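Below, each chain spelled out in residue letters.
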Amino acid sequence: MRKVAESFSQLFKGSQRAHGNFEIIKNRGDGKKQGKATTVKTSGPSVDLWEKHLYGEYGLGVIPINDDNMCHWGCIDVDVYPLDLVELVTKIEEQKIPLVVCRSKSGGAHILLFVSEPVEAGDMQDKLREISAGLGYGGLEIFPKQRQVLADRGDIGS
């Protein structure tokens, strides 16, 4: 599992100064899981945290924007309930968009876009908004949330 955790750590590069943690508290009646999200400002997502995440022991959140305001990946957070994942994936395949869809901890989906070279966070946001609208999910939450962080004043992103 260590090698897999190392691969995820490389694939989901982002902030090295903070990460998120999500602890599920209860299930709502509509399929969404509720929990407590916190930001841990002491470190980025280590390989050890990735390993715990993959074993289901730690809800790890990665902040995609780095201190240079660049991203290696971005995410559309689909919090629509109930959600038909097969229908969503079919739409993406029909449009031939190179995306990865994963069920989120809350019961929705994360639509992930990976790039071979880092891009400016603002450009990633613009592309994700365009894709989201094209899939019929305009106005959803996207990550990176910020177009820039001012690292010298302590900004870390979301």
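The rules we used
Residues numbered from 1 in each chain as written. Predicted model: local features only at pLDDT ≥ 70, side-chain atom pairs only at ≥ 80, totals over all residues. Heavy atoms only, no water. 1 Å grid on protein atoms, 1.4 Å probe; cavity = no way out; pocket = protein on both sides within 12 Å on 5 of 7 lines; lining within 4 Å. Points joined across faces, edges and corners; volume = space filled by probe spheres on them. Helix = DSSP H or I, 4+ residues; strand = E, 2+ residues; numbered from the N terminus. Nonpolar A, V, L, I, M, F, W, Y, C, P; charged D, E, K, R; others polar. Expected span 1.5 Å × (residues − 1). Buried < 20%, exposed > 50% of the residue type's maximum accessible area, 1.4 Å probe, protein only. Contact = heavy atoms within 4.5 Å. Patch = residues over 30% accessible without salt bridge, like charges linked within 9 Å, V, L, I, M, F, W, Y side chains within 5 Å. Areas by Shrake-Rupley, 256 points an atom, 1.4 Å probe, with all protein chains shown as cover. Salt bridge = Lys/Arg side-chain N within 4 Å of Asp/Glu carboxyl O. Axes fitted to C-alpha atoms, helices over the stretch in contact; angles between N-to-C directions. Parallel < 35°, antiparallel > 145°, perpendicular 65-115°, else oblique. Left-handed = near helix turned anticlockwise from the far one by under 90°. Pairing = 2+ DSSP bridges.

1. Considering the layout of surface pockets
A volume near 1,100 Å³ is recorded for the largest pocket. Surrounding the largest pocket, 38 residues form its lining, Phe 22, Leu 60, Gly 61, Val 62 and His 110 being those nearest its centre. With six residues, strand β2 (residues 33-40) is the largest single contributor of residues to the lining of the largest pocket. Split by residue class, the lining of the largest pocket holds 15 nonpolar, 15 polar and eight charged.

2. Focus: helix α4 (residues 121-134)
Under the 1.5 Å per step criterion, the end-to-end length of α4 is 20 Å for 14 residues, consistent within 8% with the ideal 20 Å. Those residues of α4 not exposed but buried are Ala 121, Gly 122, Met 124, Gln 125, Leu 128, Ile 131 and Ser 132. On its buried side, α4 packs onto β4 (70-78), β6 (109-120) and β7 (141-143). Just beyond α4, the residue with positive phi is Gly 136, at close to 90 degrees.

3. Describing a nonpolar patch on the surface
Together, Met 1, Val 4 and Tyr 55 make up an exposed nonpolar region whose accessible area comes to about 290 Å². One can find Val 4 in helix α1 (residues 2-11). In this structure Val 4 comes out as partly exposed when scored by relative accessible area, which is 39%.

4. Section: the packing of α1 against helix α2 (residues 47-54)
Two numbers describe how α1 lies on α2: the axes approach to 8 Å, and their chain directions differ by 110 degrees. Here α1 is positioned roughly perpendicular relative to α2, judged by the angle of their axes. Regarding α1 and α2, the two cross each other, and that crossing is right-handed. In this structure, α1 contributes Arg 2, Val 4, Ala 5, Glu 6, Phe 8 and Ser 9 to the contact, and α2 contributes Val 47, Asp 48, Trp 50, Glu 51 and Leu 54. Each residue belonging to the contact of α1 with α2 can be placed in one class, and the counts come to six nonpolar, one polar and four charged.

5. Considerations on the sheet that holds strand β5 (residues 100-103)
Taken in spatial order, the four strands line up as β5-β6-β4-β7 in an open sheet, and their pairing is antiparallel. With one partner strand each, in any of the chains shown, β5 and β7 form the two edges of the open sheet. Going across the sheet, the axis of each strand differs from the next one's by a mean of 25 degrees, ignoring polarity. Inspection of the sheet shows β4 paired to β6 by eight bridges, in the antiparallel sense. Paired with Asp 77 across the strands is His 110, a residue of β6. Packed onto the sheet, helix α3 (residues 85-95) meets β5 and β6 and runs at close to 170 degrees relative to β5.

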